[in-house]
Amino acid sequence: MDATTHRFKRNAKEALGDSTLREALDMLAQGFPEKRLNAMARLSEFEDLRDQARDIKNHVLENLDLYLERYETRVTEQGGHVHWCRDAAEARQAILGICRDADAKTVTKSKSMIGEEIAINDYLEANDVVPIETDLGEYIIQLRNEPPSHIIAPAIHLRQHQVAETFREQHQDLDKDRSLDEARDLLDEARGELRQKFIDADVGLTGANMLIAETGSIVLVTNEGNADLTYALPRVHIVIASLEKIVPTLEDATTILRVLARSATGQDMSVYTSFCTGPRRPGDLDGPDEYHVVLLDNGRTELLGTEFQEMLRCIRCGACLNHCPVYKAVGGHAYGWVYSGPMGAVLIPGLIGLDQAADLPNASTFCGRCESICPMRIPLPRMLRSWRRQIFRRRQASATARVGLGLWSALAKRPQLYHKVTGLIIGTLKLFGRRQGRLRSLPLAGGWTGSRDLPAPEGGSFVERWQRGERL
Amino acid sequence: MSEKPENEGPKVGLFATCLVDLMRPSVGFAAVRLLEAAGCQVFVPAAQTCCGQPAYNSGDDADAKPVARLVIETFENFDYVVVPSGSCAGMIKCHYPDLFADEPETAARAQALANKTYELVSFLADIMNFEGLQSSYSGTATYHDSCSGLRELGVKEQPRALLCKVSGLTLNEGREAETCCGFGGLFCVKYPDISEHMVDEKVDDIVATGADIVLAGDIGCLLNIAGRLKRRGIPVKARHVVEILAGAGDGPAIGDGTD
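Values in this document were obtained by computation on a predicted structure and should not be read as measured data. (Residues numbered from 1 in each chain as written. Chains lettered and ligands numbered in written order. Predicted model: local features only at pLDDT ≥ 70, side-chain atom pairs only at ≥ 80, totals over all residues.)

### Observations regarding helix α10 (residues 183–200) of chain A
1) Next: With 18 residues, α10 of chain A should cover 26 Å at 1.5 Å per step; its first-to-last C-alpha distance of 27 Å lies within 8% of that length.
2) Next: Roughly 30° is the biggest bend found in α10 of chain A, and it falls at L194 of chain A. (Helix = DSSP H or I, 4+ residues; strand = E, 2+ residues; numbered from the N terminus. Expected span 1.5 Å × (residues − 1). Bend = angle between axes of the 7 residues up to and from the residue.)

What follows is the structure, encoded as structure tokens:
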């Protein structure tokens, strides 16, 4: 997809004016955080598990090469193939190559954010391979030709009636008078549409929530079971995963699973948790003949050893989106690319460049809620601040901001001058705001007074009044 | 240190913060009354200005450092540094050591300062075991948790415990008391549309509590909330929590005139 991150402010303004989106986002922000709290309350060791999960990924990131090579060895031993891809283009070519070798006409897909990151659907379509999304949310947005607006709930920006309209438009061969009033109707219709496509697909493409070095397995977590039909029915299974998804052992994977769904949806476990290891073996009842893992770097190894390394602990649970007041205000599409929310604001500048994405690290109040709920304890605000440092150093910050901060600092380090100058300013503000106690407008302060009054200063500065001997 | 206080309690440097100093001096006076009642010797160094957070949060470390250095020099000789703001206390406590990470000597001084710096209300409750002033306020209040105070410093129960001792005051909790008000320093002027949405949700939540006054521990949040309340014509008042705790809630509330 073409990123629209560079016009974040305009995207945000449009989103704020969209009343249907407002309803959807309000529901999200009410639902997920409360469910997460309930799930935590049911598990007394939840905070300890967060520490353990963090430590597992920290250990992995210090030994990434070791575990990736071990993983590759295990996959190969079991008859699978690992394709190492430096960037999105290499990953797309690898996937298309496998599809061509399999003479594939259709590819069923379970939800994969890496698939979104490399824009695999557009690429396959352009090369005469038809991708079919099978996660309900992804299926809906594929029909609507929209990007996902949330990493675990891709169609969260839509209300039910919009989905019904889309189905009526797109499923023309069905009875026009059918009822689509209930969520169940929509679910049944999507299921009916997808059933034969699962059976007919030549290739199944899935993501992976984790890769396990010890066994060469992937872990897939869904609530719909669509991933299982995607990898078990076709002749060829392709896994697309970024390389930081690796964990050392099955035991480690289960530790992370215990924080994943609780943080994401407030479920103790997702409905389906599947472990999938290589192609069909003699005696297996089902499974693919061929098994490929496309391992994507796409700039991630460049983050190792930098102030952004800890971002590679992210398990894509979406909790930081669910708890972010800015995400709740503008929704996922405003971020203009595949990811969104706090994790998106940290990842996107690294993936598409700071030139396009400078608004994202800035559009945060540093309220810290994301870090406080992140199951992997990723210091997201600290990383947003690191991006701001780079933005400032590259002189991408606005001239007004740069000059203003320089002036403020020049004053603030000279207390006597500071108290003289600020005394004049508050004296003037006090004069204009005197009777009402507030100002409705102020030159050069439209950013503030556009939507709020400016309370007038009480008069005099505290330090100066204190020195004059004033006391309460 | 021009004052010569009489008691033998800990020497506390009061860092009023630029917003209290310039916009709301009565918070400074209320802070002094509370600290003295809790047994502290209070000093107000004249060399204080700002903590440097506007530059630091803008990624402008070069402009933040000299300001932070001045704070370190001005306050490092007190037993404690107390700040009537979770945001500015958090800046000193959590971020000064990072800011000077590449200057080991200053970083050590920054860390020493961080170790003895506290947000005012949590200092009163946690360090001084302050029991309150037997003040009174007749009305219903709701408390807004400012983000830095809550998440960086763990300020949550302390202001509520002290407010419970104010006679005549009923405290109604907002459902979204812990949600950001949308101030965020320069955020509110850089992203006014998003900020307006956030402060509107905050104001709606305050109104839903039925409170006639909103209290908080940070003037930044309060200017934002009061400014939006006024613009929408909602007659809920806004004050810094220490004004009520010190029994100094008689003058005009934030954004109210003298008429």
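### What to know about the packing of helix α4 (residues 61–75) of chain B against helix α5 (residues 86–99) of chain B
Each packed pair of helices is defined by two parameters, the angle between the axes and the distance between the axes.
Residue and element names in this part refer to chain B.
1) Next: The N-to-C vectors of α4 and α5 enclose an angle of 120°; their axes lie 11 Å apart at closest approach. Judged by the inter-axis angle, α4 sits oblique to α5. Our pair here, α4 against α5, has a crossing hand that is left-handed. Contact residues: D61, A64, K65, A68 and V71 in α4; I92, Y96 and L99 in α5.
2) Next: Taken together, the residues of the contact of α4 with α5 sort by class into 6 nonpolar, no polar and 2 charged. (Axes fitted to C-alpha atoms, helices over the stretch in contact; angles between N-to-C directions. Parallel < 35°, antiparallel > 145°, perpendicular 65-115°, else oblique. Left-handed = near helix turned anticlockwise from the far one by under 90°. Contact = placed C-beta atoms within 7 Å. Nonpolar A, V, L, I, M, F, W, Y, C, P; charged D, E, K, R; others polar.)

### Quick notes on the environment of N322 of chain A
All names here are of chain A.
1) Next: Topologically, N322 is positioned in helix α14 (residues 319–322).
2) Next: A count of 28 C-beta atoms within 10 Å places N322 in the buried class.
3) Next: Each C-alpha atom, one on N322 and one on R74, is 36 Å from the other, the two residues being 248 residues apart in sequence.
4) Next: Those residues within four positions of N322 in sequence are excluded, and the remaining contacts are L28, A29, F32 and P33. (Buried ≥ 20, exposed ≤ 12 C-beta atoms within 10 Å, placed from the backbone.)

### So, the environment of L162 of chain B
Residue and element names in this part refer to chain B.
1) Next: Within the fold, L162 resides in helix α9 (residues 157–164).
2) Next: Given 22 C-beta atoms within 10 Å, L162 falls into the buried group.
3) Next: Residues L162 and L229 lie 67 residues apart in sequence; the distance between their C-alpha atoms is 25 Å.
4) Next: Once residues within four sequence positions are removed from consideration, L162 is found in contact with V121, A125, G132 and L245.

### Structural notes on the sheet that holds strand β7 (residues 213–216) of chain B
Residues and elements named next belong to chain B.
1) Next: Read across the open sheet, the 4 strands follow the order β6-β5-β7-β8; overall the sheet is parallel. For this open sheet the edge positions go to β6 (167–171) and β8 (237–240), each flanked by a neighbour on one side alone. Ignoring strand direction, the axes of neighbouring strands in this sheet form an average angle of 35°.
2) Next: By the bridge criterion, 4 bridges tie β7 to β8 in an arrangement that is parallel. Across the sheet, I213 pairs through a bridge with K237, a residue of β8. (Pairing = 2+ DSSP bridges.)

Geometry only, nothing functional implied.
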